There are 2 protein chains.
Amino acid sequence: MAKMGLDRQTLLVSAAELADESGLDSLTLAALAQKLNVRSPSLYNHVNGLPDLRAALTVYCLHLLVDTTRDAVIGKSGDEAILSLCEAYLRFAESRPGLYEAFYKVNMQQHEDLDTAKQELLNLFLRIMEPYRLGEKETLHAIRGLRSLLHGFATLEQHGGFQMDLHLDESVQYVLRTFLKGMHLNKSGA
Amino acid sequence: MAKMGLDRQTLLVSAAELADESGLDSLTLAALAQKLNVRSPSLYNHVNGLPDLRAALTVYCLHLLVDTTRDAVIGKSGDEAILSLCEAYLRFAESRPGLYEAFYKVNMQQHEDLDTAKQELLNLFLRIMEPYRLGEKETLHAIRGLRSLLHGFATLEQHGGFQMDLHLDESVQYVLRTFLKGMHLNKSGA
DNA sequence: GTTATAATACTAATATGATTAGTTTAATCG
DNA sequence: CGATTAAACTAATCATATTAGTATTATAAC
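Residues numbered from 1 in each chain as written. Chains lettered and ligands numbered in written order. Predicted model: local features only at pLDDT ≥ 70, side-chain atom pairs only at ≥ 80, totals over all residues. Heavy atoms only, no water.

### Looking at the overall build of chain A
Thinking step 1. Counting its secondary structure elements, chain A contains 8 helices and 0 strands.
Thinking step 2. Along chain A, from the amino end to the carboxyl end, the secondary structure elements read α-α-α-α-α-α-α-α.
Thinking step 3. Principal-axis analysis of the C-alpha atoms gives chain A an extent of 70 × 40 × 30 Å.
Thinking step 4. Among the 190 residues that make up chain A, the fraction classed as buried is 53%.
Thinking step 5. If you take every contact in chain A between residues at least 6 apart in sequence, the share linking residues at least 24 apart comes to 70%. (Helix = DSSP H or I, 4+ residues; strand = E, 2+ residues; numbered from the N terminus. Buried < 20%, exposed > 50% of the residue type's maximum accessible area, 1.4 Å probe, protein only. Contact = heavy atoms within 4.5 Å.)

### Some points on the environment of Arg-8 of chain A
All names here are of chain A.
Thinking step 1. For Arg-8, the location among the structural elements is in helix H1 (residues 8–22).
Thinking step 2. In sequence terms Arg-8 and Tyr-44 are 36 residues apart; their C-alpha atoms lie 10.0 Å from each other.
Thinking step 3. Contacts of Arg-8, omitting those with residues within four sequence positions, involve His-46, Val-47, Asp-52 and Ala-56.
Thinking step 4. A distance of 3.1 Å separates polar atoms of two side chains, one belonging to Arg-8 and the other to Asp-52. (Polar contact = N/O pair within 3.5 Å; in protein donor to acceptor, adjacent residues only side chain to side chain.)

### Overview of the relation of the copies chain A and chain B
Thinking step 1. Of the transformation placing chain A onto chain B, the axial shift is 0.0 Å and the rotation is 180°, giving an RMSD of 0.0 Å. Put plainly, the chains are arranged around a two-fold axis.
Thinking step 2. A high fraction, 100%, of the interface residues of chain A reappear at the interface in chain B, so the copies pair face to face through one surface. (Least-squares fit on C-alpha atoms with pLDDT ≥ 70 in both.)

### Side note on unusual backbone geometry
Residues and elements named next belong to chain A.
Thinking step 1. The phi dihedral of Asn-37 falls on the positive side, at around 55°, and the residue is not glycine.
Thinking step 2. Structurally, Asn-37 is set in the loop between helix H2 (29–35) and helix H3 (49–72).
Thinking step 3. With a relative accessible area of 62%, Asn-37 lands in the exposed category.
Thinking step 4. Positive phi, normally seen in glycine, also occurs at Arg-133, with a value near 50°.
Thinking step 5. By secondary structure assignment, the location of Arg-133 is in the loop between helix H6 (112–129) and helix H7 (136–158).

### Looking at the interface of chain A and chain B
Thinking step 1. Contacts between the two partners involve 45 residues from chain A, matched on the other side by 45 residues from chain B.
Thinking step 2. Buried surface at the junction of chain A and chain B, summed over both partners, amounts to about 4200 Å²; 60% is from carbon and sulfur atoms.
Thinking step 3. Ranking the residues of chain A by area buried against chain B places His-141, Arg-144 and Tyr-174 of chain A at the top, with a combined share of 18%.
Thinking step 4. At the surface where chain A touches chain B, the tally comes to 2 salt bridges. (Buried area = accessible area lost by both parts, 1.4 Å probe. Salt bridge = Lys/Arg side-chain N within 4 Å of Asp/Glu carboxyl O.)

### Description of the UniProt feature "DNA-binding region" (unreviewed entry) in chain A
Thinking step 1. Following the UniProt record, the feature "DNA-binding region" (unreviewed entry) maps to residues 28–47 of chain A here.
Thinking step 2. Strand forms 0% of residues 28–47 of chain A and helix 35%; the C-alpha atoms that close the span are 13 Å apart. (UniProt positions renumbered as here; feature names shortened; annotations may be inferred.)

### A look at the UniProt feature "domain: HTH tetR-type" (unreviewed entry) in chain A
Thinking step 1. Annotation from UniProt places "domain: HTH tetR-type" (unreviewed entry) at residues 5–65 of chain A.
Thinking step 2. Regarding residues 5–65 of chain A, the helix share stands at 64% and the strand share at 0%, and the terminal C-alpha atoms are separated by 28 Å.

### Quick notes on the packing of aromatic side chains
Residue and element names in this part refer to chain A.
Thinking step 1. Considering all chains together, one arrives at 9 aromatic pairs over all chains under this definition.
Thinking step 2. Judged by centre distance (5.2 Å) and plane angle (40°), the ring pair of Tyr-100 and Phe-103 falls under tilted. Residue Tyr-100 and its partner Phe-103 are located together in helix H5 (residues 97–105), separated by 3 residues, close to a single helical turn.
Thinking step 3. Given a relative accessible area of 0%, Tyr-100 falls into the buried group.
Thinking step 4. Looking at Phe-103, the relative accessible area reads 14%, which means it is buried.
Thinking step 5. For the ring pair Phe-153 and Phe-162, a centre distance of 5.8 Å and an interplane angle of 50° mean the geometry is tilted. (Phe/Tyr/Trp six-rings, centres within 6.5 Å; stacked < 30°, edge-to-face > 60°.)

### Points about the protein's contact with DNA strand D
Thinking step 1. Around DNA strand D, 22 residues are found, and the nearest of them are Leu-29, Ala-30 and Tyr-44 of chain A together with Ser-42 and His-46 of chain B.
Thinking step 2. When atoms of DNA strand D within 4 Å of the protein are sorted by moiety, sugar and phosphate together comprise 67%.
Thinking step 3. Tyr-44 of chain A places a side-chain nitrogen or oxygen 2.8 Å from a phosphate oxygen of DNA strand D.
Thinking step 4. Between Ser-42 of chain B and DNA strand D, the recorded distance is 2.3 Å, taken from a side-chain N or O atom to a phosphate oxygen. (Near = heavy atom within 4 Å.)

Below you can see the structure in the form of structure tokens.
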């Protein structure tokens, strides 16, 4: 057989597409091999089995997410930056549902690349929170809150957790603005 | 072979235990059968395959969650009730990690029991929000926010999303109180 | 250019798990 | 007691992951 010129990155991209199309659970090495016109054992030249592939997808997802959100806050600051980041985050989760699954459905041990990517995401949030001049602890609390909100919205939406015919964007806007109002209050020491 | 006296409920309870012990992914029919001293095909007398078992776990989880949180708000109202409910929710997710996974990791089609259970959870939130006298839409927005926060906190915690050595409870308290402050502001029309 | 090396894809084989079909046995009901 | 039903079983099939070992292609050394 001719060499197909596969590499790890190609595998990742294709795997993410498969996941987006039919869910992360449907991402099997068999399916991926078929998509790439290769026999499944060949994939082991580039990936250390299915667990490794899924772990790599998690890292890949995080990188894309950081890129997307970082891009969304360029030239913005304060509430505007936060709202823009949140919007970008949720749009990303919507547009890459299968990949986003890898963000939270994969059980990973420690993984250097993952820690790095996580740190980058945290740094982005830290910078966005700077203008608020909360203390260090309070800043971290607020970031946790924002991240939880975003992740919660993203996953509950994907799983049909929100039944009512109430527009999701409205909910996000309402919740974020409410939280920000509270945060401003904290700042002035109410 | 003697009849083992298995029934669907026994399967569910054991399956949830298995999931809590080693993660929802490790819940296989083979493992469950072994735990129950039965051959795996026997399980099909009570459950319609692995997807059905997982779906049933989702419903089971939701029921337990509703019971737990409902219990937590008895005799309380206003912010106190909300804080108590949230605390109970997060404690539940922590104490039943595998079962809680079924809450969000299972892709279900429509399922009557599930819709009922979801409605019960929503009703609980609706009643807890009554004293705030927000409008109907705003109430629903706020509930979505609370649910997202809780789910986000629960899952990010389980996946090691929070690295910093900052106590989680503090973050939850901070975020909830901040959100509630903002909500009170909304009420008075700021 | 030719040869050595390493990487990549292959086939073959094994193991685990889900699932189905068909059988046996124990409990229940008349 | 006999008939029926439910629940367990064994045997078999299928899909997938994974490993071992082989062949072939590209790359690098000379």
